[in-house]
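Structural overview
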Amino acid sequence: MWRFLIAALCLGVTTYARAVEPDLVLLPPKISLSSTEARQTLVVQQRAGDLFQHQLRDGVKFTSSDDKIVRIEDGVAIPIANGTAKIIAEAGGKTAASEVTVANLEKPFAWSFRNHVESVLSKQGCNGGACHGARAGQKGFRLTLFGFDVDADYSYLTRQAIGRRIVPSDPGRSLILTKPTGLLPHKGGVKLDPASLEYRVIAEWIAAGTPPPRDDDPQIKRLEVLPKNSRQSPGKEQQLIVLAHFNDGHVEDVSRWAKYVSTNSSVAAVNERGLVKISGSGEAAVSIWYLNLTEMAYVSSPYPNQLTATSFAKEERKNFIDELVLAKLQSLEIPPSPRCDDATFIRRAFLDTIGTLPTAAETKEFLADKRDRLVDQLLGRPEFVDYWTNKWGDLLLLSGERLRPKALEAYHAWIKKNVAENKPWDKFVYEIVTATGSTHENGAANFYALHQDPEIMAETVSQAFMGLSIGCAKCHNHPLEKWTNDQYYGMANMFSRVRAKGWGGDYRNGDGLRVVYSDTQGELLQPSRGTAQTPRPLDGKAVEFNDTADRRVKLAEWLVSKENPYFTRAITNRVWANFFGVGLVEKVDDLRASNPASNDELLTAAAKFVQEHNYDLKQLMRQILQSTTYQRSSQPLPGNAADERFYSRYYPKRLKAEVLLDAISQVSGAPSQFRAMKPDGKPGDAVAAKRALQLPDSFVDSYFLKTFGRPDRLITCECERSDEPSMTQVFHLLNGETVNNKLKQKDNAVDIALKQDPATMLDDLFLAALSRPPTEKEKSQALQELSNAPEGEKRATLEDIFWSVMSGKEFVFNH
């Protein structure tokens, strides 16, 4: 099936590339005006097939088929009388039409506090975090953040301060109008123009007696944005139309009152009225917020490379990854880099899959026709277990700063055993979320030793296993996402009955033994309501209060089910980012709706692949490693040098701290020695680990690991680890103790090299460090240095040669 879908996608791109004559479309295609105050912005758009292109702004003529039903003024449809009509747009000799229905004009109209006054307060920023939406408000006046509690806002506005903010007999004297218009001093500055519609909404609402929000008010159900996807070019402008659909069936154009944010302003910027200005090449998304709902619009702006469909047809495709990456590159006119050489591939694959360098012998044995065989070998190596145990140790916060040694050992052993058994990810996570028993006997139970409050448990499970940060919803509805304060406490209440013998006290003391179990009673109160929220997974079914079974079982069943899209997409994105350095969603653990994937079709297909293969992550890794996409050169072409998101080439990345230290140890032949940290922060006993990747604990005494971005494992966030280069790292590699001490150590690789033929020694050094032989220039210069060195300085000279290889960018980066 996926082959058919990909073929259709590619066909669509090819069709566009052949310059199909675009049609003219008038948006919205169907218009409903259901009050005397209803208005509808009109946009004339070019469209080729199903693909929206540029908006036409100049030379457009609008005509109403019946001016007694609807008239057009400055590109806006205005209702005149009940009935139906057509609006015709003409431009460039082409026409397009929309059907219009006008109804309910005979009914009296009143502005709604819930839907209109709140919209004005939100749009003007009055209930923002920097203004009256702050927890303490401003100057004694408080509103709920972005209007998440309409009833509270109504009370604050009309009942507090003895009602002096509102003057029903003379609305213009109301503080809610005199301050934002600048008639009285206002710290927030002028926010309202007395001649604006926003001013009129509030003034007329006050004049009508400040009617409160009612239970039978129309409630917003969803947002719609037009055009949702469009293909643009630099210099063009695109007006977005935002339609709010309400539960009584009526639709309002809220483009004026929605709030807009561009995710990539270097490609497309958006103003406060939803006018998008295209300034560069690539893709951008515009996040649209209105009445606590969020919708997205996507803009694609191809690079000016003028590539042909034939050039893409010749590209090698190993699997669905290549198909979908190439389809995206073709749509953006980005040329892919060629295949990397064998030396680059073997080093890259080793480091990304098992975190070690190939030995000189392994590199010599590698042949071009063995790439797929090498992939299979790497996925079966014991080093694979160490590397991915370390990876999941970051995610699950294995740190001696928070767990005592015996508990930490049990947690680490549990993760390592599951990685070695290649336990499917859904079962791995299910066992963590439902863990019970002794933290010394069941390592997974330490998850609840680390997270002891229901709110923290809910936030950690959401972040670690779904890539969702729901913490903002703890105090109010999430300002950028759909998660509400009720949903937050429903999720947190799933953990309210988790108990443990041994909780409390200083975690630095004792042996860390806790016994985790599920109680049969107990609820978490929601502070804003003073009652418990019905326990419910974020998007799952509610659990009855009187159900005494372990609620975490219901949560885990929903969490790992196919009905929960976040779970599979989150782990797919994490695995992808490990190999490519850049997640399909960036940041890797930030899968909110307003942070879209760079290639959503690819993320969806990869997540489906993971599901179809029963969460065997090695299957996804094999697809990635075997793909032409992964095997591309990291050398940019003139046409793809600006690409940082679409995988036209492999993106070089600095080796993570543990991998780099192990690589230095491997090439120098001098293993590292590690010491655990004591509770007082001083070095303690030696740790029995031969390599940094085998450390069960991040709380070890290592200046190198700290300098090169090892995470502290205190919060569940990919941001704790830093792979970014810094000047401190440069100085440490150039003249720090780590490399220098390893090179000076006796019986290391330098001593072995002294006994070898210099030419052979150099070949082995370069193969061991860089997986390639030295160039003629590198070899001749090194041999010259060695031959010129006095006999007593041979070793020092050789140390310098080792140092020059291990401190270079080619060694420090995977490329």
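The shown structure was predicted, so the numbers you read here are calculated from the model rather than taken from an experiment. (Residues numbered from 1 in each chain as written. Predicted model: local features only at pLDDT ≥ 70, side-chain atom pairs only at ≥ 80, totals over all residues. Heavy atoms only, no water.)

Let's shift gears to the sheet that holds strand S15 (residues 251-253). Strand order in the open sheet made by the three strands is S11-S14-S15, with antiparallel pairing throughout. Single-partner strands in this sheet number two, and they are strand S11 (220-226) and S15. Here the strands of the sheet are splayed against their neighbours by 25 degrees on average, with no regard to which way each runs. (Pairing = 2+ DSSP bridges. Helix = DSSP H or I, 4+ residues; strand = E, 2+ residues; numbered from the N terminus. Axes fitted to C-alpha atoms, helices over the stretch in contact; angles between N-to-C directions.)

Turning our attention to a nonpolar patch on the surface. Taken together, Met-727, Val-730, Phe-731 and Leu-734 make up a surface patch of nonpolar side chains, about 380 Å² in accessible area. Take Leu-734: it is sitting in helix H23 (residues 727-735). (Patch = residues over 30% accessible without salt bridge, like charges linked within 9 Å, V, L, I, M, F, W, Y side chains within 5 Å. Areas by Shrake-Rupley, 256 points an atom, 1.4 Å probe, with all protein chains shown as cover. Salt bridge = Lys/Arg side-chain N within 4 Å of Asp/Glu carboxyl O.)

Under the defined criterion, the tally for this structure stands at one disulfide. Linked covalently through their sulfurs, Cys-717 and Cys-719 form a disulfide whose S-S length is 2.2 Å. Judged by the sign of its S-S torsion, about 135 degrees, the bond between Cys-717 and Cys-719 is right-handed. Taking the relative accessible area as the measure of exposure, Cys-719 reaches 55% and is therefore exposed. (Disulfide = S-S within 2.5 Å. Buried < 20%, exposed > 50% of the residue type's maximum accessible area, 1.4 Å probe, protein only.)

Within the secondary structure layout, Ser-668 lies in helix H21 (residues 657-668). Side-chain polar atoms of Ser-668 contact the backbone oxygen of Ile-664, separated by 2.7 Å. When near neighbours in sequence (up to four residues on either side) are disregarded, Ser-668 contacts Lys-742, Leu-743, Asn-748, Ala-749, Val-750 and Met-806. (Polar contact = N/O pair within 3.5 Å; in protein donor to acceptor, adjacent residues only side chain to side chain. Contact = heavy atoms within 4.5 Å.)

Glancing now at the pattern of salt bridges. By the definition in use, this model includes 42 salt bridges. Notably, a salt bridge pairs Arg-632 with Glu-315, separated by 3.6 Å at the nearest N-O pair. With Arg-632 in the loop between helix H20 (617-626) and strand S26 (653-654) and Glu-315 in the loop between helix H6 (309-313) and helix H7 (320-331), the pair connects residues that are 317 residues apart, well separated along the chain. Ionic pairing is found between Glu-431 and Lys-423, a salt bridge with its closest N-O pair at 2.9 Å. The exposure class assigned to Lys-423 is partly exposed, which follows from its relative accessible area of 22%.

This part is about the pairing of strand S23 (residues 515-518). The pairing of strand S21 (residues 437-438) with S23 spans two bridges and is antiparallel. If you follow Ser-438 over to S23, its bridge partner there is Val-515. As paired strands, strand S22 (residues 498-501) and S23 are joined by four bridges and run antiparallel to one another. Bridge pairing in S23 links Arg-499 to Tyr-517.

We now examine the environment of Glu-421. Along the chain, the position of Glu-421 falls in the loop between helix H12 (405-420) and helix H13 (425-433). Given a relative accessible area of 45%, Glu-421 falls into the partly exposed group. Considered as a pair, Glu-421 and Val-385 are 36 residues apart in the sequence and their alpha carbons are 9.2 Å apart. A polar contact is formed between the side chain of Glu-421 and the side chain of Lys-417, at a distance of 2.7 Å.

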